[in-house]
Amino acid sequence: MKRRTFLAFVLPSLVMMIVFIAGPLLSVIWQSFHNTQREYRDVTVETCTPGFLRQVCKTELRSEPVIDDQGRPVTRTSFVGWASYRQLLEPDKLAAALQEGWSGLSRVLELDFYKA
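Because the structure is predicted, anything quoted here is derived from the model rather than measured. (Residues numbered from 1 in each chain as written. Predicted model: local features only at pLDDT ≥ 70, side-chain atom pairs only at ≥ 80, totals over all residues. Heavy atoms only, no water.)

## Considerations on the packing of aromatic side chains
Scanning the entire structure with this criterion turns up five aromatic pairs. Between tryptophan 30 and phenylalanine 79, the aromatic rings sit 6.2 Å apart at their centres with planes inclined by 35°, giving tilted as the arrangement. You can see tryptophan 30 sitting in helix α1 (residues 3–31) and its partner phenylalanine 79 sitting in strand β4 (residues 75–79), a full 49 residues away along the chain. Like phenylalanine 79, tryptophan 30 is exposed. Taken together, the ring pairs in this structure connect Phe33, Trp82 and Tyr85 into an aromatic cluster. (Phe/Tyr/Trp six-rings, centres within 6.5 Å; stacked < 30°, edge-to-face > 60°. Helix = DSSP H or I, 4+ residues; strand = E, 2+ residues; numbered from the N terminus. Buried < 20%, exposed > 50% of the residue type's maximum accessible area, 1.4 Å probe, protein only.)

As structure tokens, this is what we get:
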């Protein structure tokens, strides 16, 4: 098979694999090092019950999402690095349990991630 024919068959597959498999996979890995949260603001709301002689009003503090000009919620993204993985895998508790030997194995299975 000639080189040109080989590339004509293989190159489209490689391009598609990079675009549809490797690209999203790298994107998800990069996003796992970030934390995105909605921004909220505290609003004081006063509600009153109708009444002729006695009207009862109640004031309460509520949190509502901040909305931009297009009506979408405002989000804040921050780089957290390995913090989310440390929180999930709990390496300190895992190391302490594994130092006990075989008896510590049951303590490993009590950690949330390792139960799964």
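## Thoughts on a nonpolar patch on the surface
There is a patch of nonpolar side chains on the surface, built from Met1, Phe6, Leu7, Leu11, Leu14, Val15, Met16, Met17, Val19, Phe20 and Ile21 and spanning about 1,200 Å² of accessible area. With respect to the helices and strands, valine 15 occurs in helix α1. (Patch = residues over 30% accessible without salt bridge, like charges linked within 9 Å, V, L, I, M, F, W, Y side chains within 5 Å. Areas by Shrake-Rupley, 256 points an atom, 1.4 Å probe, with all protein chains shown as cover. Salt bridge = Lys/Arg side-chain N within 4 Å of Asp/Glu carboxyl O.)

## Quick word on α1
Between the first and last C-alpha of α1 there are 39 Å, a value that for 29 residues agrees with the 42 Å anticipated at 1.5 Å per step. At isoleucine 18, α1 is bent by approximately 35°, the largest bend along its length. (Expected span 1.5 Å × (residues − 1). Bend = angle between axes of the 7 residues up to and from the residue.)

## Here's the deal with the state of the cysteines
One pass over the full model with this rule turns up one disulfide. Disulfide partner of cysteine 48: cysteine 57, at an S-S distance of 2.1 Å. Across the S-S bond of cysteine 48 and cysteine 57 the torsion is about 110°, and the bridge reads as right-handed. Cysteine 48 sits in the partly exposed class, given a relative accessible area of 36%. (Disulfide = S-S within 2.5 Å.)

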